[in-house]
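Results of the structural survey
So you can see what is in the structure, the chains are spelled out below.
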Amino acid sequence: MAIEEVALIGTGAVGGVYAKYLHAKYGNKFYVVANGSRKERILQNGIKVNEQVFFPQVISSDLKNKKMDLIIFAVKNYDLEQAMKDVKKLVSKDTILLPLLNGITASERLESTFSNSKTLLGLSMGIDAIRTTDGIVNTDDGVIQFGYEDNTIPSQEVIEVEQYLKEAGINAKVYPDMKRMLWRKWMLNVGVNQASAITGAKFKYFGQVKELLDLFRGAMLEVLEIAKASNVNLTMEDIEQIEEVIVNFTPDGKTSMLQDVEAKRRTEIDYFAGTVLEYGKKLKIDTPINNVLYLSLKAKEKIYLD
Ligand SMILES: NC(=O)C1=CN([C@@H]2O[C@H](COP(=O)(O)OP(=O)(O)OC[C@H]3O[C@@H](n4cnc5c(N)ncnc54)[C@H](OP(=O)(O)O)[C@@H]3O)[C@@H](O)[C@H]2O)C=CC1
Ligand SMILES: CC(C)(CO)C(=O)C(=O)O
């Protein structure tokens, strides 16, 4: 089955960047899913990425008799339940579902809702997109890492998704052990997103402020213990590599969580420290740093959302 009709839900920082390439390459075979005022906004203003405005086709969730070959999810974790409802009519047993959400639970949640479809594990690594009031700005598109948990022998649909993304100019890579890569990115986010959100640090400060680096590392070390107890192959070397990536990241860039705190939006704390705490409790592993990050970021969020 060749991939032809594709939808993407969530055209914020990450989704907007990839929608730009997919719209440019696939035109009217590519759809953005949106309803109500979101739909009106996209139809009227388009999507702006690096000052370039484009107008993708927008499809509503009530459209009947239209099934997608591939659906890409780029909403925040707390919007995934609604996004799943919104794409329900576009999903058949042959539809491939590709989540790009941070955290380790999106694929499980998709799979339990669409148990007959083909749910992949996915993430976007290295992208430096920022959502401003005047559109999305980015200098690095990063790479979409994806596949099933085990891709030692990649399936036909994984090969097709890779071709589909690459033909649009999107960097995509399939890893043999994709569960490891998903947990690795989660460990990175638990460290850098939360440390940046609590301190207000742009990426450049991770290479300059020792206390910030200690906080970043401390939060990741707790994930490392949880990974070991869960038979996920992460090592100290991963932590060292992640630190090197972050200290060399776009200096004035900000994590998605820091962007959320600054814009007084809901954060993904429940899917970063929240998941760490859940696993820690289940596996009897102490997670004091994530506990403090959870309490302080949750309190901060509740206060500005009040
Ligand atoms: N920003 C980054 O640098 C990176 C983020 N990530 C991860 O990617 C995911 C997305 O993050 P990010 O792009 O930053 O998030 P944003 O908040 O920038 O974008 C999410 C978008 O989803 C839209 N949305 C929410 N619900 C629906 C729905 N039901 N139908 C249609 N659209 C919907 C929102 O619309 P509206 O604005 O109208 O609410 C918003 O435009 C997160 O899990 C994040 O952790 C991963 C790598 C890097
Ligand atoms: C890797 C990083 C930190 C930026 O791409 C990210 O995933 C985020 O900001 O959520």
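In every chain, residue numbers begin from 1 and rise along the written sequence. Here chains are named by letter from A upward and ligands by number from 1 upward, in the order in which they appear as written. Since the coordinates come from a predicted model, pLDDT governs what is reported: local features require at least 70, and pairs of side-chain atoms require 80 or more to be given and counted, while whole-chain, interface and lining totals use all residues.

1. Concerning the overall build of the protein chain
Secondary structure elements are defined from DSSP: runs of H or I of at least 4 residues count as helices, runs of E of at least 2 residues count as strands, and each element is numbered from the N terminus. Helix and strand content of the protein chain: eleven helices and 13 strands. Relative to its length of 306 residues, the protein chain is compact, with a C-alpha radius of gyration of 19 Å against a globular reference of 19 Å. The principal-axis extents of the C-alpha atoms in the protein chain amount to approximately 50 × 45 × 35 Å. Computation of the radius of gyration draws on C-alpha atoms, with the globule rule given as 2.2 Å multiplied by the number of residues to the power 0.38.

2. Re the domain arrangement of the protein chain
Frequently, the measure chosen for interface size is the accessible area that the parts lose on association. Partitioning the protein chain into domains gives domain 1 (6–176) and domain 2 (179–305). A domain assignment, automatic or from a database, supplies the domain bounds used here. The gap between the C-alpha centroids of domain 1 and domain 2 is 24 Å. Among the secondary structure elements, those contributing two or more residues to the side of domain 1 that touches domain 2 are β9 (121–125) and β10 (130–132). For the side of domain 1 that touches domain 2, the element with the most residues is β9, which contributes three residues.

3. Quick word on the packing of helix α7 (residues 210–229) against helix α11 (residues 288–305)
Axis geometry follows a simple rule: fit a line to the C-alpha atoms, using only the stretch in contact for helices, then measure angles between N-to-C directions, giving values from 0 to 180 degrees. Packing of α7 against α11 brings their axes to within 8 Å, and their N-to-C directions diverge by 115°. As for how α7 packs across α11, the hand of that crossing is left-handed. Of α11, the residues touching α7 (which contributes Gly218, Ala219 and Glu222) are Ile289, Asn290 and Leu293. Crossing handedness: left-handed means the near helix sits turned counterclockwise from the far one by under a right angle, and right-handed means the same turn made clockwise. We call two residues in contact if the C-beta atoms placed from their backbones are at most 7 Å apart.

4. Some details on α7
To estimate how far a helix should extend, the number of its residues minus one is multiplied by 1.5 Å. The terminal C-alpha atoms of α7, which comprises 20 residues, lie 29 Å apart, in line with the 28 Å expected from a rise of 1.5 Å per residue. Of all the positions in α7, only Leu215, Phe216, Ala219, Met220, Glu222, Val223, Ile226 and Ala227 are classed as buried. One side of α7 holds all its buried residues, which, seen down the axis, span an arc of 145°. Opposite the buried face of α7, at more than 90 degrees from it, the exposed residues are Lys210, Glu211 and Asp214. Along its buried surface, α7 packs onto α6 (178–199), α8 (236–247), α10 (273–283) and α11. Count one or two residues on from α7 and you reach asparagine 231, which has phi positive near 60°. Backbone-placed C-beta atoms define the burial measure: a residue is buried with 20 or more other C-beta atoms within 10 Å of its own, exposed with 12 or fewer, and partly exposed in between. Throughout, the arc means the angular range of directions from the helix axis out to the C-beta atoms.

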